[in-house]
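One-letter residues, chain by chain:
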Amino acid sequence: GEDVEQSLFLSVREGDSSVINCTYTDSSSTYLYWYKQEPGAGLQLLTYIFSNMDMKQDQRLTVLLNKKDKHLSLRIADTQTGDSAIYFCAETRPVSGGYNKLIFGAGTRLAVHP
Amino acid sequence: DGGITQSPKYLFRKEGQNVTLSCEQNLNHDAMYWYRQDPGQGLRLIYYSQIVNDFQKGDIAEGYSVSREKKESFPLTVTSAQKNPTAFYLCASSPRLAGGFTDTQYFGPGTRLTVL
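Residues numbered from 1 in each chain as written. Chains lettered and ligands numbered in written order. Predicted model: local features only at pLDDT ≥ 70, side-chain atom pairs only at ≥ 80, totals over all residues. Heavy atoms only, no water.

Caption draft 1: View of the overall build of chain A. Counting secondary structure elements, chain A contains zero helices and eleven strands. From first element to last, N terminus to C terminus, chain A shows the α and β order β-β-β-β-β-β-β-β-β-β-β. For chain A, the C-alpha radius of gyration of 14 Å lies close to 13 Å, the compact-globule estimate for 114 residues. Across its three principal axes, chain A shows a C-alpha extent of roughly 50 × 30 × 25 Å. Looking at the 114 residues of chain A, the share that counts as buried comes to 46%. Total accessible area on chain A stands at roughly 5,500 Å², and carbon and sulfur atoms take up 48% of it. (Helix = DSSP H or I, 4+ residues; strand = E, 2+ residues; numbered from the N terminus. Rg over C-alpha atoms; globule rule 2.2 N^0.38 Å. Buried < 20%, exposed > 50% of the residue type's maximum accessible area, 1.4 Å probe, protein only. Areas by Shrake-Rupley, 256 points an atom, 1.4 Å probe, with all protein chains shown as cover.)

Here it is in structure tokens:
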């Protein structure tokens, strides 16, 4: 299909790990991204992974990429209340003229409770 | 500070009026984009520009217009032809459009447009 798919909602307890999953569509995507959006704000680039990597770790964030299944996940260790936000995954999709369009999922709302 | 600014943060418009949303960047990026975000949905691309004096329609360009007279600026006009303009509008920029990591897009804080 055409859509990048994410589950819409995730609730975790403070201090636990959060895992946000994404299924993308284009096997030729060169980069896959995770963006974070806090209420009423723009999107903040959180992390990214190049398509020839399986895993990328950046402090509390771990990105796993399964190219065979076109599955991307973002793990947040020791989740804090400040992590409460909407998380978007995005894939690059080539279109005519050498341009790479970003295709976004609908976003996963992460709620962190004490 | 380098970044992308959008103004105003909130905008109210009467039906039938055109309105222009501002987007400015001082990142020296070549490419700029406009997206629309509706509740519970991902971002949808309205227009993009690879270079000054050039822009292309995205997926939902009807009822919108843009200009790119300066590298730093990419204003979006929401015209009266846009049937459902109430939404959150996000501007983004990337170093260039030629592929690779330079596609990475950086976003402004957004403008919330409400049609009364």
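Caption draft 2: Seen up close, the state of the cysteines. All told, the structure shown has two disulfides over all chains when counted by the stated rule. Between the sulfur of Cys22 of chain A and that of Cys89 of chain A lies a disulfide, 1.8 Å long from S to S. On the S-S bond that ties Cys22 of chain A to Cys89 of chain A, the torsion sits near 55°, and the link is right-handed. Taken together, the positions of Cys22 of chain A in strand E3 (residues 18-23) and Cys89 of chain A in strand E9 (residues 85-94) put the pair 67 residues apart, joining distant regions of the chain. We note that Cys22 of chain A, like Cys89 of chain A, is buried. Each disulfide pairs two cysteine sulfurs, and for Cys23 of chain B the partner residue is Cys91 of chain B, the sulfurs being separated by 1.8 Å. Since a negative S-S torsion denotes a left-handed disulfide, the Cys23 of chain B-Cys91 of chain B link at about -70° is left-handed. On the criterion of sequence distance, the pair formed by Cys23 of chain B in strand E3 (residues 19-25) and Cys91 of chain B in strand E9 (residues 87-94) is long-range, its members being 68 residues apart. (Disulfide = S-S within 2.5 Å.)

Caption draft 3: Quick peek at the side chain of Gln105 of chain B. On the secondary structure map, Gln105 of chain B appears in the loop between E9 and strand E10 (106-107). With a relative accessible area of 0%, Gln105 of chain B lands in the buried category. At 2.7 Å, the side chain of Gln105 of chain B forms a polar contact with the side chain of Tyr35 of chain B. Once residues within four sequence positions are removed from consideration, Gln105 of chain B is found in contact with Tyr35 and Leu102 of chain A together with Tyr33, Tyr35, Ala92, Ser93 and Ser94 of chain B. (Polar contact = N/O pair within 3.5 Å; in protein donor to acceptor, adjacent residues only side chain to side chain. Contact = heavy atoms within 4.5 Å.)

Caption draft 4: Spatial organisation of the interface of chain B and chain A. Facing 25 residues of chain B, the contacting portion of chain A comprises 19 residues. Taking both partners together, chain B and chain A bury about 1,800 Å²; carbon and sulfur atoms supply 56% of that area. Taken together, the links from chain B to chain A amount to zero salt bridges. For the pair chain B and chain A, the interface holds five residue pairs in polar contact (both at pLDDT 80 or more). Where the side of chain B that touches chain A is concerned, the elements lending two or more residues are strand E4 (31-37), strand E5 (43-51), E9 and E10 of chain B. Looking at the side of chain B that touches chain A residue by residue, the class counts come to 13 nonpolar, nine polar and three charged. (Buried area = accessible area lost by both parts, 1.4 Å probe. Salt bridge = Lys/Arg side-chain N within 4 Å of Asp/Glu carboxyl O. Nonpolar A, V, L, I, M, F, W, Y, C, P; charged D, E, K, R; others polar.)

Caption draft 5: Looking closely at the nonpolar core. In terms of nonpolar packing, the biggest core is built from 21 residues, with Trp34, Leu72, Leu74 and Tyr87 of chain A touching the most fellow members. For this core, the secondary-structure elements that each account for two or more residues are E3, strand E4 (31-37), strand E5 (43-50), strand E7 (61-66), strand E8 (71-76), E9 and strand E11 (108-113) of chain A. Among the nonpolar cores identified, the runner-up in size contains 20 residues, and Trp34, Ala61, Leu76 and Tyr89 of chain B belong to it. (Core = buried A, V, L, I, M, F, W, Y, C linked by side-chain atoms within 4.5 Å.)

Caption draft 6: Spatial organisation of the sheet that holds E7 of chain A. Residue and element names in this part refer to chain A. Within the open sheet, the five strands sit side by side as E1-E3-E8-E7-E6. Their pairing is antiparallel. Here the strands that pair on one side only, and so sit at the sheet edges, are strand E1 (5-6) and strand E6 (55-58). Pairing analysis gives two bridges linking E1 to E3, with the strands arranged antiparallel. Across the sheet, Glu5 pairs through a bridge with Thr23, a residue of E3. (Pairing = 2+ DSSP bridges.)

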